[in-house]
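Descriptive analysis of the structure
In case you want the letters, here they are:
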Amino acid sequence: MVTDEFDWRECLARVRQRDEEAAALLVARLYPLVIRIVRSHLPRRAAEEDLAQDVFVKMFTRLDQYQARPGTPFEHWVARLAVRTCLDALRAADRRPELRWGDLSEEQAAWLDFMLADQSATPDTSAGSAREVIEQLLSQLPPDDRLVISLMDLEEKTVREVSEMTGWSGTLVKVRAFRARRKLRKLAQSLLSQDRYAKL
Amino acid sequence: MQNFDKQWQTVAGHARQAPGRDETAPFGFARRAVALGWQPPALRSEVLWVRLTLRVLAGAVGVLIFCAALELPHFRDARPLEPGLENTVAQIVWAL
């Protein structure tokens, strides 16, 4: 977990002087932040470690572009870099494989049923399966939509935070989130209709 | 749509409670990332050489295919590889 106790300024000054120890410490410090972003936006068949490594390589090569300013912590700059790297990787990835009802486990299917049902009682299944079904559905969305939903609904980022991380305007973030949820609903409905068709 | 949004947020809330995975960097990751990050960028001449080499190779393959296509109608001739032109040097080379 990244905390404020860490002396970012001193560490960055040492990294700029090519201090290898400080650089390794910086990577270890930022790894949890980067790997969380990478895992949320990882293209299929891509290795999370490779993508995280790309983020850190970019961080070192572009370090001169970072200018410490009040209200712009170094972690925010790195988070933005990680988001852009993941977005590029998602765009470059192959076509999204189609998700079918049969790909879902019973627990995941129960959550999908719940999404479209008019009920308040949640399925008696693990939180992990809720996470899995969400990831399955998100993998079907275009990269920008997937990113905005991951950040807002899974990481509970505000519109302003998403705007800072992506460089999109606040209005664009809201519009993208609205359209992405609409796509998710259509996707869930089409999956459920597959199930009903299969039962006939 | 509103109902879906409400249900979606409930599922997302449960998903957030899922146990987190290990977030510590694998052994050697930091050193590897630092080494790659500080690797000197390739020289301009090296980049140019790689680009030109690939293009020249592609061009040579193209010329080869073109020549083969020109030669194809004469493939069944008695001496298909004999130069068609009245070229003394070529004929001498062929005779050797």
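Above this text sits the structure in question.
Figured I'd write up the structure that's included with this text.

Analysis parameters
- Residues numbered from 1 in each chain as written.
- Chains lettered and ligands numbered in written order.
- Predicted model: local features only at pLDDT ≥ 70, side-chain atom pairs only at ≥ 80, totals over all residues.
- Helix = DSSP H or I, 4+ residues; strand = E, 2+ residues; numbered from the N terminus.
- Buried ≥ 20, exposed ≤ 12 C-beta atoms within 10 Å, placed from the backbone.
- Contact = placed C-beta atoms within 7 Å.
- Nonpolar A, V, L, I, M, F, W, Y, C, P; charged D, E, K, R; others polar.

Summing up its helical and strand segments, chain B has 4 helices and 0 strands in all. In sequence order, the secondary structure elements of chain B are arranged as α-α-α-α. Across the 96 residues of chain B, 9% fall into the buried class.

Each side of the interface is counted separately: chain A has 33 residues, and chain B has 27 residues. At the level of secondary structure, the elements contributing two or more residues to the side of chain A that touches chain B comprise helix 2 (20-40), helix 3 (48-61), helix 5 (106-116), helix 6 (127-138), helix 7 (143-154) and helix 9 (170-199) of chain A. Ranked by residues supplied to the side of chain A that touches chain B, first place goes to helix 2 of chain A with 9 residues. When its residues are assigned to classes, the side of chain A that touches chain B shows 20 nonpolar, 4 polar and 9 charged.

All names here are of chain A. Mapped onto the elements of the fold, Glu75 is located in helix 4 (residues 74-92). What makes Glu75 partly exposed here is the crowd of 16 C-beta atoms within 10 Å. Along the backbone, Glu75 and Leu30 are 45 residues apart, and their C-alpha atoms lie at a distance of 7.4 Å.

A separate point is the environment of Val133 of chain A. Residue and element names in this part refer to chain A. Tracing the backbone shows Val133 in helix 6. What makes Val133 buried here is the crowd of 27 C-beta atoms within 10 Å. Along the sequence, Val133 and Leu104 sit 29 residues apart, while their C-alpha atoms lie 7.6 Å from each other. Ignoring any residue separated from it by four or fewer positions in sequence, one finds Val133 in contact with Leu104, Gln108, Trp111 and Leu112.

Limitation: the analysis is restricted to geometry and does not speak to function.
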